[in-house]
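# Structural characterization, general
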Amino acid sequence: MALSLLAVAFTTYLAVGGLVWTTEPEHPIVQIGTVILYVLTTWVCIFWNARSEDPADPVRSRLGPRRIMPAWAAVLALAAAATVPNASWYAADASGRLEGYATWSLGAIGALGAIVMVRRRPVAAWACVFLAAVSAAAWIGPLDALALGAVGAALWVGVAQLISWLMDRAARDTAQLTEAQREASEWLASQEGMRRERRTQVQRALAVAGPVLAHTIAVGGHLDARERELARVAEATLRDELRGAALLDDDVRAALAAARSRGATVSVLDEGGLDEVDADARAELRAELAAVLDSARSERLYVRTSTHADVAVTVVGRSEGEDGEEEVDLWHEVRRRP
């Protein structure tokens, strides 16, 4: 809004120059009507919005949607660029065509072209400058046209285009930087989460293995049968925490401990099959796994995650058969939740 008000003030200042004359124009009514036409045209081009372009990046979105000037307003600006200079020189007599009230239209159309350029109509903006320059060359000659405002009008439009391009470029670069910063923040957050998870796993592992290790050191490695069994269970539990953390919760840990307490050998391995599973689905998978382990009676249990599209976890149980050969007596697939 501040820029719009500044544009209104500047174009009004230029319009006043068309009404200040030392010698009266030959057709003052035409001159006054020309100034009114110019002022109304510039106000329409400044304030009228046809549509909004929602910015694609978060940086420009803070500035609000980009306002595009309607096509009919661009046509109105072209009509003013063709009419205002010719009408001003027509209103002046032959001796006054180099006076300020006659040549004001060159600067005025330059300002109008800059407004049109900022409103994202570059072709119409340069066409306005071209029409004003051609009219000036026809009425006062090319050299006087260049000296009295044609160059300035082109310069204003060029600067407006350059500033618009630089602003878009800066917004685009800032958006890319913001996106890179967001990705870096997400990466740092994920790394912090992984470090926190590793610390939790280490603390849990120390809670499991620490007492056994301390006792083993205290007795110099001389353990009785019960203590050796406790050490074996602690070592297996430690492997579970390090190799299969994604499969574990309190119920699964309890089921694994129960299986080992009855003498079963259990191997748990997560190979990344649950990486894309959300927390709710993972909780359901763990509940089913705990139920399967509670009901298992195999001598050896193998729990593995799976990358299969339908199977999340596979549980295989093997026991020694009547003929002394090992055979599979349990096969259970925990299906992925939709």
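Here the structure is shown first, and the text comes after it.
Attention in this report is confined to the structure presented alongside it. Per-chain numbering applies: the sequence of each chain, read as written, is numbered from 1 onward. Given that the model is predicted, a residue must reach a pLDDT of at least 70 before its local features are reported, and side-chain atom pairs must reach 80 or more before they are shown or counted; all residues, however, enter totals for whole chains, interfaces and linings. The side-chain values count all of the structure's non-hydrogen atoms but skip hydrogen atoms and water molecules.

We now examine helix α2 (residues 28–47). Side chains that are three or four residues apart share a direction in an α-helix, a result of its 3.6 residues per turn. By definition, any uninterrupted DSSP run of H or I lasting at least four residues is a helix, any uninterrupted run of E lasting at least two residues is a strand, and each is numbered from the N terminus. To estimate how far a helix should reach, multiply one less than its number of residues by 1.5 Å. Here α2 is 20 residues long and its end C-alpha atoms lie 29 Å apart, about the 28 Å a rise of 1.5 Å per residue gives. Burial in α2 covers these residues: Q31, T34, V35, Y38, V39, T41, T42, C45 and I46. All buried residues of α2 project into a common sector of 165° when viewed along the axis, lining one side. Contacts are assigned to residue pairs that have any heavy atoms within 4.5 Å of one another. Residues of α2 that are buried in the fold lie against α1 (2–17), α4 (71–91) and α5 (100–118). For each residue, the accessible area found with a 1.4 Å probe, counting protein chains only, is set against the maximum for its type, and the residue is called buried under 20%, exposed over 50%, and partly exposed in between. Of all possible arcs, the one meant is that of the directions from the helix axis to the C-beta atoms.

Spatial ordering of the open sheet is given by β3-β4-β5-β6, a layout of four strands whose pairing is mixed. Two strands bound the open sheet, and with one partner strand each, they are β3 (265–269) and β6 (326–335). Pairwise comparison of adjacent strand axes, ignoring direction, gives a mean angle of 15° for this sheet. In short, DSSP must find at least two bridges between two strands for them to pair. Pairing analysis gives five bridges linking β3 to strand β4 (residues 300–305), with the strands arranged parallel. Axis geometry follows a simple rule: fit a line to the C-alpha atoms, using only the stretch in contact for helices, then measure angles between N-to-C directions, giving values from 0 to 180 degrees.

This part takes up the packing of α1 against α5. Between two packed helices, both the angle of their axes relative to each other and the distance between the axes serve to describe the pair. At their nearest, the axes of α1 and α5 sit 8 Å apart, and the two run at 160° to each other. Between α1 and α5, the interaxial angle falls into the category roughly antiparallel. In this structure, α1 meets α5 at a crossing whose hand is left-handed. Residues A7, F10, T11, L14, A15 and G17 of α1 pack against G100, Y101, W104, G107, A108, A111 and I115 of α5. For the contact of α1 with α5, a count of residues per class yields nine nonpolar, four polar and no charged. Should an angle fall under 35 degrees it is called roughly parallel, over 145 degrees roughly antiparallel, and 65 to 115 degrees roughly perpendicular, with every other angle called oblique. Crossings are assigned a handedness: left-handed for a near helix turned anticlockwise from the far helix by less than a right angle, right-handed for a clockwise turn. Polar here means any residue outside two lists: the nonpolar Ala, Val, Leu, Ile, Met, Phe, Trp, Tyr, Cys and Pro, and the charged Asp, Glu, Lys and Arg; Gly therefore counts as polar.

This next bit is on the pairing of β4. Only one face of β4 is covered, namely the face carrying L301, V303 and T305; the face carrying R300, Y302 and R304 is uncovered. Where β4 meets strand β5 (residues 311–320), six bridges bridge the pair, whose relative direction is antiparallel. Paired with R304 across the bridge in β5 is T314. Where β4 folds back onto β5 in an antiparallel hairpin, the turn is made up of five residues.

Side-chain atoms within 4.5 Å are what join buried Ala, Val, Leu, Ile, Met, Phe, Trp, Tyr and Cys residues into a set we call a nonpolar core. Counting residues in each nonpolar core, the largest one holds 40 residues, and the members touching the most others are Y38, C45, I109, L112 and V116. Taken together, the elements giving at least two residues each to this core come down to α1, α2, α4, α5, α6 (122–140) and α7 (142–218). Per-element accounting of this core gives the leading share, twelve residues, to α5. If near-sequence neighbours (up to four positions away) are discounted, V116 is found in contact with C45, M69, A77, R121, A124 and A125. Ranked by size, the runner-up nonpolar core spans 26 residues in total, among them V252, A281, A312 and V315.

Let us now look at the pattern of salt bridges. A pair is scored as a salt bridge if a Lys or Arg side-chain nitrogen falls within 4 Å of a carboxyl oxygen belonging to Asp or Glu. Taken as a whole and assessed by the stated rule, the structure comprises 14 salt bridges. Its salt-bridge partner being R253, residue E241 comes within 2.7 Å of it at the nearest N-O pair. One end of the pair, E241, is in helix α8 (residues 225–243); the other, R253, is in helix α9 (residues 250–261), with twelve residues separating them in the sequence. A relative accessible area of 2% places E241 in the buried class. The class for R253 is partly exposed, based on a relative accessible area of 22%. A salt bridge links E333 to R335; its shortest N-O distance comes to 3.2 Å. Residue E333 is classed as partly exposed on the basis of its relative accessible area of 31%. When its relative accessible area of 40% is taken as the criterion, R335 is described as partly exposed. Salt bridges here are not isolated pairs; linked through shared partners, they connect E192, R195, R196 and R199.

This part covers the layout of surface pockets. Over the atoms rolls a probe the size of a water molecule, and its path tells where empty space is left. Of the volumes computed, that of the second largest pocket is approximately 330 Å³. For cavity detection a 1 Å grid was placed over the protein atoms alone, and a set of points counts as a cavity when a 1.4 Å probe fits there but cannot get out; an open set counts as a pocket when protein lies on both sides within 12 Å along at least five of seven lines, with lining residues being those that have an atom within 4 Å of a point. In this structure, the second largest pocket is lined by 19 residues; those nearest its centre are E197, Q201, A245, A246 and R286. Among the elements of the structure, α7, α8 and α10 (279–295) are those that each provide at least two residues to the lining of the second largest pocket. It is α7 that provides the largest number of residues to the lining of the second largest pocket, a total of four residues. Looking at side-chain class alone, the lining of the second largest pocket contains four nonpolar, four polar and eleven charged residues. Grid points are joined across faces, edges and corners, and a volume is the space filled by probe spheres set on the points.

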